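Observations on chain architecture
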Amino acid sequence: MRVGLYFPNKPLNIGIPSGDKTIAEGIVASLGRHGHLCREMTDFRSRLFWKSLQEIIKLPYAFWESVRRFRSFKPHIWVTYHSYYKSPDLFGWWLAAPRIPYVIIQPMRANKRRKQALTKLGAAINDIAIRRASLLISNNLMDIEALKRFVPSKELYYIPPGIFPDMFPRDLNAASTLRLKLSLPPNIPLLLTVCMFRKGAKWESLAFLFEALELLKSKKNFILLVIGSGSLWSSVRHYAWEKLGDRVEFLGMIPRSELFRYYSLADLFVFPGIGESLGMVYLEAQSCGCPVVALDSEGVRQVVCHGKTGILVSSPLPEAYADAVSLMLDSPKLRDEMGREGMTFVREKRNAHLNNLSLVRLLERLVHEHD
């Protein structure tokens, strides 16, 4: 089948790594593996477009381009990934529906956004898109109840998020080579965090992490490896060195295809995950046998099993997070057990090969019924 795609929040040409982009690329890859032809109907990024005159000016061309591609490609189904009040689907609900099945994957809805001046336009458009969809597929349990209340008669499925485990194998030979390349001492435990350096929740998580690890600096031997980059590069480095000194090493951006070497090298993946709705990096780490320490939240809880694949800290205090990291540093056997559990969890429960197959079959069924 021919699948028309739209990614209003982060089109495929957005170069900045994110969990959102990881999931979107996984969907496209899975559709392609099962013989389906995919094409983006537009690469217009609708995120808060109404606040930017420059983006508003782009809209007429984006509308024309989407119509041209739709008529040329003649998709059997339209799939929009991640429509919500900040980045609503501007095209699929009127261009595809009701001509062909129209599906939204990861729709989100918050009723309060319709009442706020800065978000009411995006929220209203998003509501229209959700109502017009033939099928809704959520990958986040936090969104299910709100969607059921808004469109109780709509067909709604939950398919857990996942990664391709073969992209993130545990490779101890690669880890050993990398340790030599980075000139890291052989007997010092390595902590790893992977994050974009930007304002908001990412910065808050990094600052929290540095503050928590500072409490361990005089008690435990460790080196923190930091992978990432972004607009706050200088601020993040300055704050980390202020708190941790020579206990932290910045490695810059690492291609996603090479990250398995670093996860395999690390003894522990540490990222608090403040404000994380899912957190795909946690799945990547676990797939490589690296246990996790994160803050307990409904989002992170969907990708980390507390007490089995890592520790989820219920207290919001850096001291509690530091205690959890200390426990893991003192327990090589526990880290090993959790590492093995993590690999099994990803392979069996958060495997995009398996989970996305369910998605593909749903889309195939919808097209078949429409014909």
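My aim in this report is to walk through the structure given alongside it, one point at a time. Because the structure is a prediction, the values reported are computed rather than measured. (Residues numbered from 1 in each chain as written. Predicted model: local features only at pLDDT ≥ 70, side-chain atom pairs only at ≥ 80, totals over all residues. Heavy atoms only, no water.)

**Thoughts on the state of the cysteines**
For the coordinates displayed, the defined rule picks out zero disulfides. Free cysteine: C195, not disulfide-bonded; nearest cysteine sulfur from C290 at 16 Å. (Disulfide = S-S within 2.5 Å.)

**Observations concerning the nonpolar core**
Ranked by size, the top nonpolar core spans 94 residues in total, and within it L224, Y263, F269, V293, Y321 and V325 carry the most contacts. With seven residues, the top contributor of residues to this core is helix α7 (residues 201–214). The next biggest cluster of nonpolar side chains, apart from the first, holds 28 residues, and it includes F49, L59, F70 and L95. (Core = buried A, V, L, I, M, F, W, Y, C linked by side-chain atoms within 4.5 Å. Buried < 20%, exposed > 50% of the residue type's maximum accessible area, 1.4 Å probe, protein only. Helix = DSSP H or I, 4+ residues; strand = E, 2+ residues; numbered from the N terminus.)

**Description of the sheet that holds strand β7 (residues 190–194)**
Strands sit in the order β9-β8-β7-β10-β11-β12 across an open sheet of six strands; the sheet is parallel. Two strands bound the open sheet, and with one partner strand each, they are β9 (248–252) and β12 (310–313). For this sheet, the mean angle separating the axes of adjacent strands, direction not counted, is 25°. Here β7 pairs with strand β10 (residues 268–270) via two bridges, running parallel. If you follow L191 over to β10, its bridge partner there is L268. (Pairing = 2+ DSSP bridges. Axes fitted to C-alpha atoms, helices over the stretch in contact; angles between N-to-C directions.)

**A closer look at the packing of helix α1 (residues 19–33) against helix α13 (residues 352–370)**
At their nearest, the axes of α1 and α13 sit 9 Å apart, and the two run at 70° to each other. Comparing the axis directions of α1 and α13 gives the class roughly perpendicular. The element α1 and its partner α13 pack so that their crossing is right-handed. Residues G26, I27, S30, L31 and R33 of α1 lie in contact with α13, whose contacting residues are A352, H353, N356, L359, V360 and L363. Taken together, the residues of the contact of α1 with α13 break down into six nonpolar, four polar and one charged. (Parallel < 35°, antiparallel > 145°, perpendicular 65-115°, else oblique. Left-handed = near helix turned anticlockwise from the far one by under 90°. Contact = heavy atoms within 4.5 Å. Nonpolar A, V, L, I, M, F, W, Y, C, P; charged D, E, K, R; others polar.)

**Things to note about the pattern of salt bridges**
The final tally for this structure, using the stated rule, is 16 salt bridges. The partner of K21 in a salt bridge is E25, and the shortest N-O contact between them spans 2.5 Å. Residue K21 and its partner E25 are both found in helix α1; the two are separated by four residues, about one turn of the helix. Since its relative accessible area comes to 11%, K21 is described here as buried. Overall, the relative accessible area of 34% leaves E25 in the partly exposed class. Where salt bridges share partners, they join E65, R68 and R69 into one cluster. (Salt bridge = Lys/Arg side-chain N within 4 Å of Asp/Glu carboxyl O.)

**Notes on the packing of α7 against helix α8 (residues 233–244)**
Describing two packed helices takes the angle between their axes plus the distance from one axis to the other. Taken N-terminus to C-terminus, the directions of α7 and α8 make an angle of 15°; their axes are 9 Å apart at the nearest point. As judged from the angle between their axes, α7 and α8 are roughly parallel. Classified by chirality, the crossing of α8 by α7 is right-handed. Here W203, L206, A207, F210, E211, L213 and E214 of α7 come into contact with α8, specifically with S235, V236, Y239, A240, K243 and L244.

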